[in-house]
Amino acid sequence: MITFKKYLPVTIYMWMYGSSFIYAESLWGTKKAFTIRSCIWQLNENVIIPPLEELSVCVNLMRVLTTSEWTAFDYKGPGQQHVELGLAGNGGNLKASIFGKEWTVAYDLAKNNWHVVCLTWSSHTRLFQVIVNNRSFEFPLNETSPRYLAANGTLSLGVSHSFVGGNIVFETGKNFLGDMSLFRIWKEQMSALQLAEFRCVDGNIVTWRTQDWDYQKCPSLPDNSLKCESSKYKIQMHLSITQNTNNDNTDSQEMVLSWLKYIFHPKIMVHSVSLSSKSLQTGADLTGENMEAVQEKPRIKTQWFDCVVFVRVIPEEDVSITVSTIKTLLIPSYSYSADIVLMTNPVSINILSVAVLPNVTSSPAVSTISPVFSQTTNIPGIGSTNITTVVTLMSSLRTQAMDKICLISSSFTLNKEFGDIFYRVNLNITMSGSITDPKHTIEQWLQETLQRCRMDVWNIVIKGAPKYKTTFQVQALAPVNETATERLIFELLTQGYINASIAISVPTDEVNITQIDPGLCPEEAMLTVYGMYMWPSMTAQSQYELTCVKGNESATRFCKLNEATDKAIWEAPDMSKCLKTVSDFGDLENITVTPGNSEYIVDMIEDLLNEQTGLSNAQLDIMLEKLSEVTEVGTLTPDLSSSITNIVSEICHITTNLTQVTNKILSITDLMGDRTVFAGDAHNMTAPSLALQLINPDTSQFHGLTFEVSSVQNDGTPEIFYDENFTENPDTGTVAFISLPPTIENFFPNSGARPRVQFHFYGKEKLFEDTSSNLTLNSYVVSASVTNATVSELEIPVMVTLRHLQNKEDWDIVKCVYWDFNKNDKKGGWNDRGCEIVNSNATQTSCSCDHLTHFGVLLDISKTPINPKDEWVLTIISYVGCGISSIFLGVTLLTYLAFEKLRRDYPSKILINLCMALLGLNMLFLVNSWFASFNSNALCITVAAFQHYFFLATFTWMGLGAINMYLALVKVFNSYVPSYILKFCAVGWGIPLSVVILVLAIDFNSYGTSLSTDLLQESTAFCWFKNDVTFYVTVVSFAILIMVCNIIVFVVVLVQIHKMRVNKPSSSRKGFLHDLRVVASLTFLLGLTWILVFFGWGPAKTPLMYLFSILNSLQGFFIFLFYCLMKDNVRKQWRMHLCCGRFRESEYSDWSRSVPKGDKGKGGLQVSSSMKSEITSERKISDTSNTGTSNDDFLKQESKQ
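Because the structure is a prediction, the values reported are computed rather than measured. (Residues numbered from 1 in each chain as written. Predicted model: local features only at pLDDT ≥ 70, side-chain atom pairs only at ≥ 80, totals over all residues. Heavy atoms only, no water.)

Re a nonpolar patch on the surface
Heads up, the condition is: Residues enter patches when their relative accessible area tops 30% and they take part in no salt bridge; the joining distance is 9 Å for like charges and 5 Å for the nonpolar side chains Val, Leu, Ile, Met, Phe, Trp and Tyr. Per-residue accessibility takes into account occlusion by the displayed protein chains alone, with areas from the Shrake-Rupley method and a 1.4 Å probe. One speaks of a salt bridge when a side-chain nitrogen belonging to Lys or Arg is within 4 Å of a carboxyl oxygen belonging to Asp or Glu. For the purposes of this entry, the term helix denotes a DSSP run of H or I that reaches at least four residues, the term strand denotes a run of E that reaches at least two, and both are numbered from the N terminus. We call a residue buried when its accessible area falls under 20% of the maximum for its residue type, exposed when it is over 50%, and partly exposed in between, using a 1.4 Å probe and counting protein chains only.
Taken together, the side chains of Ile1040, Val1044, Ile1048, Val1093, Phe1094 and Phe1095 present a nonpolar region at the surface, about 520 Å² in accessible area. Inspection of the secondary structure assignment puts Val1093 in the loop between helix H21 (1071-1085) and helix H22 (1101-1113). When its relative accessible area of 41% is taken as the criterion, Val1093 is described as partly exposed.

Written out as structure tokens, the structure reads:
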């Protein structure tokens, strides 16, 4: 015992003297104040940054002083001048850099407040993220960007640096003036949610410890506002166990556990312990002692271990306080017994806050391995027990059987880290002999060879023959040593295999073994239709089981090693034995969507949708609201976006009425396209009747973009493709086509990130129903948009071509339109502003538009097609009727012009002018197509102008007839208009002439050759309007104005007549036929039959077109009928001048009584107050009606006949 006490201090001194560890003090709870004085923090040269394939970097920043430009940190590869990774600021923006390229983030860090800024990147997703206070900004990288971060570079905090002559030079003028804390780097890319969970966790590449930084006498300062609480810790340290070799039977792990339980108070619970031996010191090695002297004394053995301990602190406390407390407890030595002492090397203690604790299979959690080959270990042929002996042993046993190799290897391969180790193996295998299934043989050989040494083989991929290129992953079960296990795998594989039938050989120079770090499947809260499940962090190739939320069974989930990325990923859980907790849409409505549960919400919707054959309005609203929330807050991976695409497609199929939710659905798909994160330059998603093409164009080589849907498969799924060029014409047979000109580049955001252009195709026309319009969609819908930009007023228009759902007939009218979100009280509707038809045939229509949105082609259903038989009949009626009218209009004109007595009154003179205008209109209509057949543009413009003139003149004189009727019947007394007929002629012929001249002056090309689509209903050339706007302004609006006035006068006249008859009951004896004649004569005189054209649409179109054609083409005949044939004084004139014998009537003098005073005197219309009341009496009405006269005739003069 005396000797033990004597040599113990010497042993401990030698051990501590030989320690190579550097004191690592935690910097948690401290900050670096860069405003105190000019000093620099630089990454210690002993910290090695490997070539990372992905990473996450976080730092806490507080700006104290305002500067225009500043640098938070700057990392550059060896000798590089560009910033490999960095964070800076410029004005109110952040500047994030990776691989020499800089992105701008519009986020101003407010002064005197702490801000957490993180940068994440992965070569697998090609996505660079800037996360500021949990708000993410995403920047996709192109395929040419580097796969690895430059290794072993230089990192500076608060200032940028460069290299001059191989030396680091720190740049001034852009210093960060403020406080900085908790700079950490991890070798994994993490989401914003994961980084929030890692807020109090040390990095695994760079930590916030003094060991990692060279701060050149600029120490950190404590800051109570930086408190951060954590409950999980990893302790790394060197531990010595010194004991008398006579008491060598005590188990090391028992001693360590006893020590830890003794020093830790109850709130610090040991989770797991891992020991690995370093080397051995005995009394024989002590300086100044000879072997003989030592052999006479009790011998002392000091065993050194690398010790890794995981602990949980409950309740969790501030990291800096917890680290200090644990370290204080570990430093004192511990006497396990009178001759056994445990002691740590204080400078070797390293305490890290971790996110998860490793999986353990025993309680208490201990994985402790006894020291390797002590002095008393007896192995034949081995005299030394240090690690060199292990290497010698491996060499001597190379030719032994595999079982012995595994056995001996397991006895000395002790792991420094807790847990299994994984490797990626690539090798070439040559086989010979009788082999029926080479791949099965190789798989069986690999499994049998490595499994006997407690190693599992996963994800075997075999290619080629006769030399088989093979790659797979190996899981070496703990406890293992990295280097020794790698060598063991090499030895096992290169041994090959030989039996009587086959031989397998692996050349030693064709084996590549690389250790991989799959990490952990992350702790994950999963919300499903089966309830909420909290899956803990798990190592790769392990399964976890949870009791079902509802039911007595269990749900299982496997954490697998991904064969492509070598990372641990969760597989979908198996919940087939659980009962659903979300069974209807009411349960779904009560769930709050978060970034973490977005995928599960979509899964729930899919499950509920699969059980539905239709959706009520309430169910539809709930489903779309949840999808909208997912697209707003979720991380939209390609898989998640594809699921949303399928859901929207299914909604469109099973829902009959989508009018109320069209805008909602379009907003969901648009936002999904904007936020979907994918690798590469393009990504597409297709589903029945729906397709999305997302493109991140290269702005340096942008020549436009074209998107086409070539066909639609039987299940409705479109076949799509795109081209990085602008073209005006699609390929033959294209279903939908849209091409964006190069000028779209002017609308790309200037944020530095690559823009996003998205194209959508919608194959369900019921999604775009506009109930306020009589137009129906006759094509599929295609759209284009640029993320975060409104594209409008393009100089070069967007070209759109859409195939018709049903062939267009010659009489059909189509429109190029876009979906206006603001129409119909924000429910959406079609609008044609900014879109024009370029070309239209039976099968497709091409449009040009000056903006981007959702485009379609509409068919005017008011133009209901008439069958060919009806077309032919209507054509005959129109031409025959116009011919008949022209003949009888000529007879009427000759009658009134030949017999002077007939044209003495004003109504007759107005009738003559009306007949002249109507005769010109009919005659030109009959010969119009003949003139158009000459294919002369000038001739056709002239004919169209005259046709327009006579049309306007006809309506003008009908209106003047109504005015004259109103003045004569209603305003009878004290109404004098000088030069009455002269002024009427100036208006009746002058206004139409002015309108025609104005049209010719503005744009004479408004007239020209077009297709006849009204009366003729056939595609024959016709000289008329080519400009629809001019037609509606100068024809339709003019006709409507005249018709409205004439209808008012017509009603007033009928009311006045009724009053007259009431005042003289004796006049009512004339009966119904008399009234009918009066109404009919007024109807044709005022042209009221033209009203029928405004009601000629829909199912009533055909019968109304017959009625319209008959009445209006025969208007001239009816004027002859009522104002010549049925008028008594006209018949008398015919009999006096045209008949002979007994049919001839002699002249009589009562005509003088019919001459109005205006004609005898002043030449104007004068109806004095002295006129007898019989002028407007019912007697006159009766008399004129009996003779078939018009209402105008009995206003004044006919009373004197």
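Considering the sheet that holds strand E8 (residues 115-122)
For clarity, the cut-off: In this scheme, strands are said to pair when DSSP sees at least two bridges between them.
Read across the open sheet, the 7 strands follow the order E10-E9-E8-E3-E14-E1-E16; overall the sheet is antiparallel. Looking at which strands have only one partner, the edges of the open sheet turn out to be strand E10 (135-140) and strand E16 (221-222). Note that strand E1 (residues 30-33) and strand E14 (residues 178-186) share 2 bridges and pair antiparallel. Looking at E14, one finds that Lys32 is bridged to Met180.

Quick look at helix H17 (residues 906-932)
The periodicity of an α-helix, 3.6 residues per turn, causes residues three or four positions apart to be oriented the same way. Let me state the cut-off plainly: Expected helix span is given by 1.5 Å per residue-to-residue step, counting one fewer step than there are residues. A residue's bend is given by the angle between axes fitted to the 7 residues ending at it and the 7 residues starting at it.
Here H17 contains 27 residues, and its C-alpha end-to-end distance of 39 Å stays within 8% of the 39 Å for a straight helix at 1.5 Å per residue. Its axis deflected by about 40 degrees at Leu926, H17 carries its strongest bend there.

Observations regarding the pattern of salt bridges
In this structure the tally under the stated criterion is 21 salt bridges. Across the pair Arg557 and Glu524 runs a salt bridge, and its minimum N-O distance is 2.8 Å. Taken together, the positions of Arg557 in strand E34 (residues 554-561) and Glu524 in strand E30 (residues 524-528) put the pair 33 residues apart, joining distant regions of the chain. Both residues of the pair, Arg557 and Glu524, count as buried. One continuous salt-bridge network, built from bridges that share partners, spans Lys31, Asp179 and Asp223.

Regarding the pairing of strand E48 (residues 844-849)
Judged by how many residues are buried, E48 sits mostly within the fold: 5 of 6 residues are covered. The pairing of strand E44 (residues 798-803) with E48 spans 6 bridges and is antiparallel. Looking across to E48, one finds that Met799 is bridged to Ser848. Two elements, strand E47 (residues 835-840) and E48, share 5 bridges in a ladder whose sense is antiparallel. Opposite Glu836, over in E48, you have Ser848 as the bridge partner. Joining the antiparallel neighbours E47 and E48 is a turn of 3 residues.

Section: the state of the cysteines
Cut-off, in case you're wondering: The disulfide definition used here is simple: a pair of cysteine sulfur atoms within 2.5 Å.
Under the defined criterion, the tally for this structure stands at 7 disulfides. The disulfide partner of Cys521 is Cys559, and the S-S distance across this bridge is 2.0 Å. Handedness of the Cys521-Cys559 disulfide follows from its S-S torsion of about 90 degrees: it is right-handed. Of this pair, Cys521 sits in strand E29 (residues 520-521) while Cys559 sits in strand E34, placing them 38 residues apart in sequence. Both residues of the pair, Cys521 and Cys559, count as buried. Here Cys915 is not disulfide-linked; the sulfur of Cys1124 is the nearest cysteine sulfur, at 7.4 Å.

Concerning the packing of helix H16 (residues 868-898) against helix H23 (residues 1115-1125)
Formally: Lines fitted to C-alpha atoms define the axes, with helix axes restricted to the stretch in contact, and inter-axis angles between N-to-C directions lie between 0 and 180 degrees. Each crossing gets its handedness from the near helix: less than a right angle anticlockwise from the far helix is left-handed, clockwise is right-handed. Contacts are assigned to residue pairs with any non-hydrogen atoms lying within 4.5 Å of each other. Throughout, the ten residues Ala, Val, Leu, Ile, Met, Phe, Trp, Tyr, Cys and Pro are labelled nonpolar, Asp, Glu, Lys and Arg are labelled charged, and all others, Gly among them, are labelled polar.
Contact geometry for H16 and H23: axes closest at 7 Å, N-to-C directions at 35 degrees. As H16 runs across H23, the sense of the crossing is left-handed. On H23, the residues that touch Ile884, Ser885, Phe888, Leu889, Val891, Thr892 and Tyr896 of H16 are Gln1115, Gly1116, Phe1117, Phe1120, Tyr1123 and Cys1124. Its residues assigned to classes, the contact of H16 with H23 comprises 9 nonpolar, 4 polar and no charged.

A closer look at the environment of Phe888
Examined against the element boundaries, Phe888 turns out to sit in helix H16. Judged by its relative accessible area of 24%, Phe888 falls in the partly exposed class. Put simply, Phe888 and Phe1120 are 232 residues apart on the chain and 6.0 Å apart in space, counted from C-alpha to C-alpha. Apart from residues no more than four positions distant in its own chain, Phe888 is found in contact with Gly1116, Phe1117 and Phe1120.

Observations concerning the sheet that holds strand E4 (residues 69-76)
In a beta sheet, neighbouring strands are held together by backbone hydrogen bonds and run either parallel or antiparallel to one another. With respect to topology, 7 strands assemble into an open sheet ordered E7-E6-E5-E4-E11-E2-E15, the strand pairing being antiparallel. Each end of this open sheet is capped by a strand with a single partner; those strands are strand E7 (101-105) and strand E15 (213-214). Sheet topology note: the strand E2 (residues 41-43)/E15 ladder contains 2 bridges and is antiparallel. Following the sheet pairing, Gln42 is matched in E15 by Asp214.

Things to note about the nonpolar core
Short version of the rule: The criterion is simple. A nonpolar core is a set of buried Ala, Val, Leu, Ile, Met, Phe, Trp, Tyr and Cys residues joined through side-chain atoms within 4.5 Å.
Among the nonpolar cores identified, the biggest contains 81 residues, and Phe128 and Phe183 are the most heavily contacted of them. Among the elements that make up this core, the one with the highest residue count is helix H3 (residues 252-263) (6 residues). Every residue in contact with Phe183, bar those within four places of it in the chain, is listed here: Val57, Cys58, Val59, Phe73, Leu155, Leu157, Val206, Thr207, Trp208 and Trp213. Counting 78 residues, the second-largest nonpolar core is a separate cluster that includes Leu921, Ala953, Trp957 and Tyr1123.

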